[in-house]
Amino acid sequence: MVAGCVVAEECALAVSAERMWKVSCSGDAMLKACAGSFAAVDVEGDGGPGSVTTLTLSTAAAAAAGCSVVKSRVLARDDTALVLRNEVLEGSKVSGQLKSQVTEVKFEAAGDGACVAKFKVEYERLDGAALTAEDQAELIGGYLALMKIVETYLVANPTEYA
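The paragraphs below set out a description of the structure included in this document. (Residues numbered from 1 in each chain as written. Predicted model: local features only at pLDDT ≥ 70, side-chain atom pairs only at ≥ 80, totals over all residues. Heavy atoms only, no water.)

Looking at the largest pocket, its volume works out to about 1,000 Å³. F38, L55, V70, Y143 and L146 are the residues nearest the centre of the largest pocket, which is lined by 44 residues in total. Among the elements that take part in the lining of the largest pocket, helix 4 (residues 133-156) stands out by supplying 8 residues, more than any other. (1 Å grid on protein atoms, 1.4 Å probe; cavity = no way out; pocket = protein on both sides within 12 Å on 5 of 7 lines; lining within 4 Å. Points joined across faces, edges and corners; volume = space filled by probe spheres on them. Helix = DSSP H or I, 4+ residues; strand = E, 2+ residues; numbered from the N terminus.)

Spelled out as structure tokens, the structure:
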């Protein structure tokens, strides 16, 4: 679907892959774990392929993100391999430059109670060129920051989503 550029990054997390997966795949869990970042999380569908998630950002998060709503459609969800692939339909500071954007996160176990989140963002710009290094860093940085917020919540609440 996306022809163009890929940005990839890994993020070590001090919680299990299974706990990160549970939060990442649940609108209610994401809203709870990211209190202060989202005003609302609405999921149309069962969370599987075709489901559309609308994240309404808090005022502070919207100012940082450059948008107030992020909307995405699930393209693939593998509950065994812990891989979630989404098409971004709306949102982010750079989305106005993009023809298409697909994100993928995979959680891999990395020792007792830890994991690595592997992120990939595939995008195609309207003009066919690559984003600047700064815009690429900002694009993937938002996803990494979100995972760190979830990690902080799960570390502080070790029985949640266990």
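Quick look at the nonpolar core now. If you look at the biggest cluster of nonpolar residues, it comprises 39 residues, and the most contacted ones within it are L13, M20, F38, F107, F119 and V150. If one sorts the elements of this core by residue count, helix 4 sits on top with 8 residues. Apart from residues lying up to four places away in sequence, F119 is in contact with V7, A8, E9, C11, E104, V105, I140, Y143, L144 and M147. (Core = buried A, V, L, I, M, F, W, Y, C linked by side-chain atoms within 4.5 Å. Buried < 20%, exposed > 50% of the residue type's maximum accessible area, 1.4 Å probe, protein only. Contact = heavy atoms within 4.5 Å.)

This part is about the sheet that holds strand 1 (residues 5-13). Ordered in space as 1-7-6-5-4-3-2, the 7 strands form an open sheet in which the pairing is antiparallel. The two strands at the open ends of the sheet, each matched to only one other strand, are strand 1 and strand 2 (38-44). Taking the axes of each pair of neighbouring strands and ignoring which way they run, one obtains an average angle of 20 degrees across the sheet. Direction of pairing for strand 1 relative to strand 7 (residues 115-125): antiparallel, over a ladder of 9 bridges. Within the sheet, the bridge partner assigned to A8 lies in strand 7 and is K120. Along the sheet, helix 1 (residues 17-24) makes contact with strand 1, strand 4 (69-78), strand 5 (83-90), strand 6 (98-109) and strand 7, crossing strand 6 at roughly 145 degrees. Contacting strand 1, strand 2, strand 5, strand 6 and strand 7, helix 4 crosses the sheet at an angle of about 25 degrees to strand 1. (Pairing = 2+ DSSP bridges. Axes fitted to C-alpha atoms, helices over the stretch in contact; angles between N-to-C directions.)

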